[in-house]
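# Structural features, examined
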Amino acid sequence: FYGEKCYILDMYNVLSLGAGVQSSTLAMMYAKKELSPMPDFAVFADTEGEPKAVYEWLNWLEKQLPFKVYRVSKGNLQENSLIIKTSKKSGNTYLPSTVPFFLLKDGKRKAMLTRGCTRDYKVRPIQKFVRKKCKVKWGEKAIVANMIIGISTDEIVRVKESRVVWAKNVYPLIENKISRQDCLDWFSKNNLNVPPRSACTFCPYHNKTVWSNLKKNSPEEFQEVVEYEKKAKEIFKTLTSFDKNFDISLHSSGSLETFNKQKETNQLDLFDAECEGMC
């Protein structure tokens, strides 16, 4: 399913492992030789902000695979996203536009900040590692690696060409007409636990159900996110580049502490809150 034009003998096959439902299904299908060719290795981009359940799942998953999983990280996204920076040109203070907080005015959602977390903390760290691991030369124009990405048929709008010329994105789940539900069914059929959703605990793209589940099933992690939001609100108020007529929040109702008291029905939902790293 990779196609004759992109598969050559000395090409690397690299699995972008987000440790969520779809990429975990791919990894296990390769392990059981239900798909081929076998990945040479997998890469997990760690924002250091995934739920504990994801890290526990990844620890188990690594032991099941016949290929190595490399973990790469740019650092702690949650901490780094609140480090105040100063523009050398204007002198204004600002925060890195990595986490797409909601912008609210008079309690109503107006917009979202620029989303750069996937690019900066997932895509680029993976590209940097693969470039080094596969010894990709600067200026390389030939395809050196097939990047295997876990996007299913119900997420086909997320399919994109590779951002670099030396890699080709391939989507085995789509090529084999496998949906997210098929992935869940695959784990049930094989008598395996279902993987947890992969996304940072503080991701603004969580819908109300995900926030409620986090609060119910992992209250300590939920409280950590509440404290993160509080700190972010205070820091934004000090920024010279921020319009004080606005407020920021991880939830469109205005505050995680009060979100479950709101009759909020239009919270964004990013593919069941999965963030596999190639959005």
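In the block above lies the structure referred to throughout.
As the structure is a computational prediction, the values presented were derived from the model and not from experiment. (Residues numbered from 1 in each chain as written. Predicted model: local features only at pLDDT ≥ 70, side-chain atom pairs only at ≥ 80, totals over all residues. Heavy atoms only, no water.)

### Observations regarding the packing of aromatic side chains
The tally for this structure, following the rule as stated, stands at eleven aromatic pairs. Measuring from ring centre to ring centre gives 6.5 Å for Phe44 and Tyr55, while their planes differ by 85°; the resulting arrangement is edge-to-face. Here Tyr55 lies in helix α2 (residues 52-64) and Phe44 lies in strand β2 (residues 41-45), a separation of eleven residues in the sequence. Pair check on accessibility: Phe44 and Tyr55 agree, each one buried. Plain terms: the ring middles of Trp57 and Phe187 are 5.8 Å apart, the flat faces sit at 65° to each other, and that makes the pair edge-to-face. Within this pair, whereas Trp57 is found in helix α2, its partner Phe187 is found in helix α6 (residues 180-189), the two being separated by 130 residues in sequence. Overall, Phe187 belongs to the buried group, its relative accessible area being 0%. The structure contains a cluster of three or more aromatic residues connected by ring pairs, namely Phe101, Phe202, Tyr228, Phe236 and Phe242. Just above the ring of Phe246 sits the side chain of Lys105; from NZ or CZ to the centre is 5.6 Å. In this structure, Arg131 packs its charged tip against the face of Trp138, placed 4.0 Å from the ring centre. (Phe/Tyr/Trp six-rings, centres within 6.5 Å; stacked < 30°, edge-to-face > 60°. Helix = DSSP H or I, 4+ residues; strand = E, 2+ residues; numbered from the N terminus. Buried < 20%, exposed > 50% of the residue type's maximum accessible area, 1.4 Å probe, protein only. Lys NZ or Arg CZ within 6 Å of the ring centre and 35° of its normal.)

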